[in-house]
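# Examination of the molecular architecture
So you can see what is in the structure, the chains are spelled out below.
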Amino acid sequence: MYFPSDHARHIFEESPRDSRDAICKLCKSTVSFESFAYYCRECRSHFHKDCLTIINAKIHEHTLTFIRRENPFPCDVCGRDDKGMDMYGCLQCDFFVHRQCIFLPKVIKLTRHSQRLSHVFRISDGDNICGVCRSQVDVRYGGYSCIEKTCNYVVHSSCIIRFDVWDGKDLEEEPEPEEIDSQVDLAALVEIDGKSVRHFSHEHDLLRLDMGEKEESGQVCQACVLPIEFGSFLGCKQCDFALHDVCASLPRKMEHGIHIHPLTIHVDAMNNENGFFTCSVCNQHSCGFMYKCCQEDCEFKIDVKCASFAEPFDHSVKVALNLQDLQQNVTKDAGFPWSSNA
Ligand SMILES: [Zn+2]
Ligand SMILES: [Zn+2]
Ligand SMILES: [Zn+2]
Ligand SMILES: [Zn+2]
Ligand SMILES: [Zn+2]
Ligand SMILES: [Zn+2]
Ligand SMILES: [Zn+2]
Ligand SMILES: [Zn+2]
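Keep in mind that this is a model prediction, so the values were computed, not measured. (Residues numbered from 1 in each chain as written. Chains lettered and ligands numbered in written order. Predicted model: local features only at pLDDT ≥ 70, side-chain atom pairs only at ≥ 80, totals over all residues. Heavy atoms only, no water.)

## Re the coordination of the zinc ion (ligand 5)
At the metal site, the zinc ion (ligand 5) is ligated by Cys-221 (SG), Cys-224 (SG), His-244 (ND1) and Cys-247 (SG), and these contacts range over 2.1 to 2.3 Å. Site description for the zinc ion (ligand 5): donor spacing in sequence, C-x2-C-x19-H-x2-C. What makes His-244 buried here is its relative accessible area of 4%. When its relative accessible area of 1% is taken as the criterion, Cys-247 is described as buried. (Donors = N, O, S within 2.8 Å, 3.2 Å for Na, K, Ca; no water. Buried < 20%, exposed > 50% of the residue type's maximum accessible area, 1.4 Å probe, protein only.)

## Notes on the nonpolar core
Residues Leu-64, Val-97 and Val-155 are the most contacted members of the largest nonpolar core, which totals 44 residues. Of all the secondary-structure elements, those providing two or more residues to this core are β2 (37-40), β5 (64-66), β6 (87-90), β7 (95-98), α1 (99-102), β10 (143-146), β11 (154-156) and α2 (157-162). Beyond its immediate sequence surroundings of up to four residues, Val-155 is in contact with Leu-110, Leu-117, Cys-130, Gly-131, Val-132, Gly-143, Tyr-144 and Ile-160. Counting residues in each nonpolar core, the second largest holds 32 residues, with Leu-209, Ile-228, Leu-243 and Ala-307 among its members. (Core = buried A, V, L, I, M, F, W, Y, C linked by side-chain atoms within 4.5 Å. Helix = DSSP H or I, 4+ residues; strand = E, 2+ residues; numbered from the N terminus. Contact = heavy atoms within 4.5 Å.)

## A few points about the pattern of salt bridges
For the structure shown, the criterion picks out 10 salt bridges. Here Arg-41 ties to Glu-13 by a salt bridge, and the two come within 3.0 Å at their closest N and O atoms. Placement of the pair is Arg-41 in the loop between β2 and β3 (45-48) and Glu-13 in strand β1 (residues 12-14), with a sequence separation of 28 residues. Look at the salt bridges and you will find they share partners, linking Glu-191, Arg-208 and Asp-245 into a network. (Salt bridge = Lys/Arg side-chain N within 4 Å of Asp/Glu carboxyl O.)

## Brief notes about the packing of aromatic side chains
Per the stated rule, a full pass over the model turns up 6 aromatic pairs. Relative to Phe-96, the ring of Phe-73 lies with its centre 4.8 Å away and its plane at 55°, an arrangement referred to as tilted. Within this pair, whereas Phe-73 is found in the loop between β5 and β6, its partner Phe-96 is found in strand β7, the two being separated by 23 residues in sequence. On the accessibility criterion, Phe-73 (30% relative accessible area) is partly exposed. (Phe/Tyr/Trp six-rings, centres within 6.5 Å; stacked < 30°, edge-to-face > 60°.)

## Let's talk about the coordination of the zinc ion (ligand 6)
For the zinc ion (ligand 6), the protein coordination sphere consists of His-202 (NE2), His-204 (ND1), Cys-236 (SG) and Cys-239 (SG), at 2.0 to 2.3 Å. For the zinc ion (ligand 6), the 4 donor atoms in the first shell make angles of 103 to 124° at the metal, a pattern classed as tetrahedral. Coordination of the zinc ion (ligand 6) draws on donor residues from a single chain, spaced H-x1-H-x31-C-x2-C in sequence. Judged by relative accessible area, His-202 falls into the buried class, the value being 12%. (Tetrahedral: all angles 85-135°; square planar, octahedral: opposite > 155°, others 65-115°.)

See the structure below:
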């Protein structure tokens, strides 16, 4: 990807016939026999002729032309000046932009922030800390800012691409999901009367009990599969079903910064092939409640314990999540049985 030091510019010649199963350096798709393409001997790269200019890009009104020379100047969209990134320019406007920044989405939704973010060419002045990498966002360059005017959440546009935080969808044309309905769907607990409640995972009413009255119950929480040893919990009168208070209040659907897609709760782990599942974060087996990715082709699943932590444990990208960034009130401090201050 990076230019060798003796390669300050691409020198184009016609693409050799015998290598026409090659990949275009710019669009990453195949250079077929029929397509007209150039070849640079120095870096052994192929270029579709059609990829050298980009017309009708949403980001700029004029044709953008591929810069064949090494480019030590910053991109006007993301502000980064990495050598070796494919760059395009419009001379009459003195506008230079990375290829990857030409196709940035207009409106996105990240699981680490409750509102949608929209792309802006200038971030408004102020103390702007990127919600992904936690470093300053340069106000001269654009980025993504929360659509809620009172919220100052911002993200570098380069962080959207560099880190695995965005699901790849541009929501510009998509209406916001209706909020009232989803709130009802999220509730796991329904109050029956002052004393009893119903949890969606269980067929009987549950009572609010306190360990003080019922020492050494020997009961295990069905959600986190840890013993119920202290504090109040929900217990079934008719069978030995029990849940920690905090585990019973976990939402049926959540967005967690640890994964790019929303997660939905599954309470029937015992019906799995093996009677357990393996948590994608801690790699431990669990037969409790499972939060699984709502995308059919995505295998991400986590146990209740990992879903309750606001910070990723062993993420491929080491980023510190801001606790307030997370919608759900399920943090380390929420009094979970495994948290230090519970
Ligand atoms: Zn070259
Ligand atoms: Zn191409
Ligand atoms: Zn850029
Ligand atoms: Zn950033
Ligand atoms: Zn529990
Ligand atoms: Zn029961
Ligand atoms: Zn886990
Ligand atoms: Zn997923």
